[in-house]
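Reading the structure
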Amino acid sequence: MLEYISINAKRAIKKLESKRERRQLLIYTLIFSIILVLTVITFLAPNSKNTFPDYFSDCKSYQELPLLFNKSYDKILNDNDYKLKIVDKLTNAIKIPTVVYDSFGQPDLNCSLSDDPEYSEFQKFHDYLEKSFPLVHKNLKKEIVNKVGLVYTWTPEIETDAKPLLLMAHQDVVPVEPSTIDKWTYPPFEGHYDELTGKIYGRGAQDTKLFLIAQFATVELLLTEKYSLKKPLILAYGFDEEKGGDFGAQFIAQFLFERYGEDGIDALFDEGPGIAQLDENTFIAAPGVAEMGYCDVYIELETLGGHSSAPNHWEQETTGIGIISEINYLLTQDQFKISVSKENPVLNFLQCNAKYNPDSLDPRILKAVKSNSLIQFKNAIQTTDDRFTFKTTQSMDVIKGGIKANAMPESVVNVINHRIDIQSSISETVNHDLKHIFNVAEKYNLGVSVDWLNNGELEIIKNETSLGNFNIRVVGGLEPVGRIPYDSFYDMVASTCVTVYSDPIFRNNERKVDILFEGTMTPGNTDSVYYAMKNLVNGRVYRFSGALMEWDNEHTVDEWSSDKALMTSHAFVYSLIVNFNEYY
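From a predicted model like this one, the values you see are computed outputs, not experimental measurements. (Residues numbered from 1 in each chain as written. Predicted model: local features only at pLDDT ≥ 70, side-chain atom pairs only at ≥ 80, totals over all residues. Heavy atoms only, no water.)

As a further point, take the pairing of strand 16 (residues 447-451). Along strand 16, 5 of the 5 residues are buried, which leaves the element largely enclosed by surrounding structure. Bridge count between strand 16 and strand 18 (residues 468-478): 5 bridges; the pairing is parallel. Pairing of Gly-447 across the sheet is with Asn-469, part of strand 18. Bridging between strand 16 and strand 17 (residues 459-462) involves 3 bridges; their strand directions are antiparallel. Paired with Val-448 across the strands is Lys-462, a residue of strand 17. (Buried < 20%, exposed > 50% of the residue type's maximum accessible area, 1.4 Å probe, protein only. Helix = DSSP H or I, 4+ residues; strand = E, 2+ residues; numbered from the N terminus. Pairing = 2+ DSSP bridges.)

In this section: the packing of helix 3 (residues 80-94) against helix 15 (residues 563-582). Packed helix pairs are specified by the crossing angle of their axes together with the interaxial distance, meaning the distance between the axes. At their nearest, the axes of helix 3 and helix 15 sit 10 Å apart, and the two run at 100° to each other. With respect to helix 15, the element helix 3 is oriented roughly perpendicular. For the pair helix 3 and helix 15, the contacting residues are Tyr-82, Lys-83, Ile-86, Val-87 and Leu-90 in the first and Asp-563, Leu-566, Met-567 and His-570 in the second. Counted by class, the contact of helix 3 with helix 15 contains 6 nonpolar, 1 polar and 2 charged residues. (Axes fitted to C-alpha atoms, helices over the stretch in contact; angles between N-to-C directions. Parallel < 35°, antiparallel > 145°, perpendicular 65-115°, else oblique. Contact = heavy atoms within 4.5 Å. Nonpolar A, V, L, I, M, F, W, Y, C, P; charged D, E, K, R; others polar.)

Considered for burial, the residues of helix 10 (residues 363-370) that qualify are Ile-365, Leu-366, Ala-368 and Val-369. All buried residues of helix 10 project into a common sector of 160° when viewed along the axis, lining one side. What points out from helix 10, more than 90 degrees from its buried face, is the exposed set Pro-363, Lys-367 and Lys-370. Two to three positions downstream of the cap, the backbone nitrogen of Arg-364 sits 2.8 Å from a side-chain oxygen, assigning the N-cap of helix 10 to Asp-362. (Arc of directions from axis to C-beta. Polar contact = N/O pair within 3.5 Å; in protein donor to acceptor, adjacent residues only side chain to side chain.)

To continue, consider the state of the cysteines. Enumeration over the complete set of coordinates arrives at 1 disulfide. Disulfide pairing is shown between Cys-59 and Cys-352; the S-S distance is 2.0 Å. Residues Cys-59 and Cys-352 are joined through a disulfide that is right-handed, its torsion about the S-S bond being 85°. With Cys-59 in the loop between helix 1 (2-44) and helix 2 (73-78) and Cys-352 in helix 9 (residues 346-356), this pair connects stretches of sequence that are 293 residues apart. Neither residue differs from the other here; Cys-59 and Cys-352 are each classed as buried. Cys-497 takes part in no disulfide bond, and the closest cysteine sulfur, belonging to Cys-59, lies 13 Å away. (Disulfide = S-S within 2.5 Å.)

Further remarks concern the sheet that holds strand 4 (residues 192-194). Spatial strand order, 4-5-22: 3 strands in an open sheet with antiparallel pairing. Both outer strands of the open sheet, strand 4 and strand 22 (560-562), are each paired with one neighbouring strand and no more. Taken pair by pair, the neighbouring strands of this sheet meet at an average axis angle of 25°, ignoring direction. Strands in contact with helix 3 are strand 4, strand 5 (199-201) and strand 22; relative to strand 5, the strand with the most contacts, it is inclined by about 20°.

To continue, consider the sheet that holds strand 19 (residues 514-517). Strands sit in the order 8-9-19 across an open sheet of 3 strands; the sheet is mixed. Each end of this open sheet is capped by a strand with a single partner; those strands are strand 8 (275-279) and strand 19. Shown here is a sheet whose adjacent strand axes are inclined to one another by a mean of 25°, direction ignored. For strand 8 and strand 9 (residues 282-285), the ladder comprises 4 bridges, and the chain directions are antiparallel. Considered in strand 9, the bridge of Ala-276 is made with Ile-284. Set on the sheet, helix 13 (residues 488-501) makes contact with strand 8, strand 9 and strand 19; between it and strand 19 the angle comes to about 150°.

In C-alpha cells, the structure reads:
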C-alpha cells in the first residue's frame, strides 16, 4: 500500500513538473512574440526624429479681429490725399543721407550732433522728424541715447502696470558705391515717387525708413484721433544697424533694460519680412520668428617680407598671400554640414506652403514634406538655397595684401563672414575655422592668437615665431536667437494681419481673400538681437513690418519700395497698437 502511494506520488510530481515546463515554455514563447512584434513595429514605424514636427497651428486658421477703435483707419488704405501726404514724408526722409560706414565708431560726446565728424546728418534727420510729426514730439517723452539713438515713450493717462509694446527700426542706411551712381534710375537720395507705378526710389526706401515712417505716421494719427492708450508704447531707433548696432541698439537695449528689467516688455517688432501676394485671392504673412547668429572672422597674418625674386622663408615657395589662400582652400573643402532641427520655424513655413501653396516649392522638397520625412528633406535641400537656413554659412568676402608686384607682402588680411545655424554658436563656428588655421600655422611655423571679443584681449593658441603670427579677431559676434513662443500674442498678431488684408481693396473679385500666417527664419540680423540677448521681451521678438512686400534692390542700385508697401505697414501698425490695447 505504501509502495502504491509512493508510485502515484511520483507520477503526480512528474505531471506537475511537466505542466510547469509547458507553462514556462508558453510564457517564454509569449514574451518572445511580444518582443518580436514590438521590434517589427519599431522598425516599420517612422522614427519621430526623422519626421516633420506636428503641424498643430494651421496657417489658414486665423480669423479677423474687428478693430474696436477705427476712427480714421479707413483713410489709411482708401484716402488718396492722405496716402500722398505719408508718401511725401517718406520721400523727404530719404533725402537726408543718414549713411553709416563700417569705420564709424562711438559718437563724439564732446561736441554737438550737428558738429559730429561722422553722424552730423542724423541731426538733420532728427529735426525733420520733429517738424513732420509734431504731435508725437508734443505728447511722447523723447530721450536721446548715446547722442544719436532715439527713444520715445507714450504713457497712458490712466496709470497702469501693464508691460509696454516696443516698435523698432533704424535711422541709418548703407552707403552708395560712387561708381554705381550713374546706374540709378533716379539719384539715390532724391526720394523719387512715381505715381503711375507707385514706386518710391532711393536709399532707405525699403531698408528701413519705410517702417520708421509707418510707425511715426500711425502714432501721429492715433494722437490726432485722441486715442486713449491703455498700455505703454515705446518707439526705439538705433543709428548703426547696418554696421552691427554696437553703438545704437546695444546702448538702447541696455537703457531700456535698466528701466524695465528682464521680461519687462511684452513684445517687440523690428524690420523684417512682410506679406506676399500669392495669387488674386491669397496672401501669406511670413514674420521672422527666429534669427541666425552672426560673426566675422578676421584672419590677420603678419609675416616676413622681402624681394619677390627669392621667396625663401619656407621650404615651399610661398608668401603670406599663398598661406592665407591655403586656409581658404581648406575651409572651402570643409563646409559646415546641414543640420535639420525640428525647432527651425522654416519647417512649419514649408508645411504651410505644401498645404496651401504647393507650386511655390521645389518638387523634391514638396515630396519630402508630403512624405513626412526629414531624411528626404535633408537630401532635397542639398543643392537648393533652402539649405542656408539649416546650416552655418561661410563666405570669404575680403582679402587684402601686398603693395607691389616685386615685394612679398608683410601683412595679409582675410575676412570670413558666418551666419550661424540656430543649433550652433559663435564658439563652435570660430573653432571650425581655427582648426584649419592652426594646422597651417603648424606647417609654416607661425604663431596663433585669438581676440574673441574684438577688445584687444588675446588668447595665445600658439606662440609667435620669428616667421610671423596669425591674429584672429571675432568681430560683430551675435549668438543665434531661438524661436518665439507660439502663444495667444502670436494668435493676436496673426488675426491682426487677417483684419488688415481682408479689406475690400485687396479683393480682385467677389471671392473672399485667404490670408495665411506662418513664421519663418531671418538669415540677416537686426537690432532686435540685443533686446533678445537681454531677455527684455520673454522671447517675443517679431521681425515683421506687416507691409505688402512690394520692394526690391535692398543695399544695391535702384532700391525701391511702393506706396502700397508703406500704407499697408501703416495699417498694420495701427491695427497692432489698437488690438494690443483692446484685446490682449
